[in-house]
Amino acid sequence: ITNTGSGNSGTLLYCISQANATIGPHIINFTVAGTIAINNATGLLPNIVQPITIDGTTAPGYVGTPIVILNGTGLTNGGGLTVSAANFTIYAIDINNFPYWGLQINGDNSDNFIIGAMGKGNVIRNNDYYGIQINSADNGKISFNKIGTDPTGTACAANLYDGVDLGAGANNDSIMNNQISCNGYNGIQIGASNNNVVQGNLVGPLLNSCTGSGYRGID
């Protein structure tokens, strides 16, 4: 990514489109930091249908907090990133203010996803539906992210539904070492799925107060 615009050269939209057109795996790196505005004029980002790593740690000046911001304030509907491919990875992106989900991974063909890692966590906040929604995808890892807070973890920035939602058939996934605070419904919702691990998370409170989730911490 060489610019934060929406044109046909060096943008996130362009790079996802190009990666989708050829068999992966692909890696999307950044030579620029800043806000990538997704709005009604630019249109939604393409559904990701190839194995793609989006690595915000490569942005110049990155030192542990995301400096690439994916912002959907200008949309009237739609989500941030939607994935329908196996082996998707995302590091150090701040996904916020989308009318639907921040990040959605869909289907039995979308296994082996990675959302965040130590020193590479994402911030997923202020979305009007789920922060992260996993539908049927197995063997994934969600770790070291801030979900429902600002990047510091000290102020609420709630996703209006669940922070993390594991839907039916999302098996053998792990949710580990995240801060999941302030979300409007549950911090973590697990549906009709099996063999998932929830470990080492701060669920509910902010780092500096007892503000919790709207409903349950874990359901």
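In this report, the structure presented in the accompanying data block is examined. On a predicted model such as this, the values are computed, not experimentally measured, just so you know.

### A few points about the packing of aromatic side chains
Item 1. Applying the stated criterion to the full structure yields six aromatic pairs.
Item 2. Measuring from centroid to centroid gives 5.9 Å for Tyr-130 and Tyr-161, while their planes differ by 75°, and the two rings are edge-to-face. Note that Tyr-130 is positioned in the loop between strand E10 (123–125) and strand E11 (132–135) and Tyr-161 in the loop between strand E13 (146–147) and strand E14 (164–166), a separation of 31 residues in sequence.
Item 3. With 4.7 Å between their ring centres and 15° between their planes, Tyr-161 and Tyr-185 make a pair best called stacked. One end of the pair, Tyr-161, is in the loop between E13 and E14; the other, Tyr-185, is in the loop between strand E16 (179–181) and strand E17 (188–190), with 24 residues separating them in the sequence.
Item 4. Judged by relative accessible area, Tyr-161 falls into the partly exposed class, the value being 30%.
Item 5. The exposure class of Tyr-185 is partly exposed, given its relative accessible area of 31%.
Item 6. An aromatic cluster is built from Tyr-129, Tyr-130, Tyr-161, Tyr-185 and Tyr-215, whose rings are joined through pairwise contacts.

### Some details on the pairing of strand E4 (residues 68–74)
Here is the key point about a regular strand: its side chains alternate between the two faces of the sheet.
Item 1. Looking at chain direction, strand E2 (residues 34–39) and E4 are connected through five bridges and run parallel. Each residue of the ladder has a partner; that of Gly-34, found in E4, is Val-68.
Item 2. Where E4 and strand E7 (residues 94–96) come together, three bridges link them in parallel fashion. Within the sheet, the bridge partner assigned to Ile-69 lies in E7 and is Asp-94.

Definitions and cut-offs
Residues numbered from 1 in each chain as written. Predicted model: local features only at pLDDT ≥ 70, side-chain atom pairs only at ≥ 80, totals over all residues. Heavy atoms only, no water. Phe/Tyr/Trp six-rings, centres within 6.5 Å; stacked < 30°, edge-to-face > 60°. Helix = DSSP H or I, 4+ residues; strand = E, 2+ residues; numbered from the N terminus. Buried < 20%, exposed > 50% of the residue type's maximum accessible area, 1.4 Å probe, protein only. Pairing = 2+ DSSP bridges.

Geometric descriptors of this kind do not, in isolation, establish any biological role.
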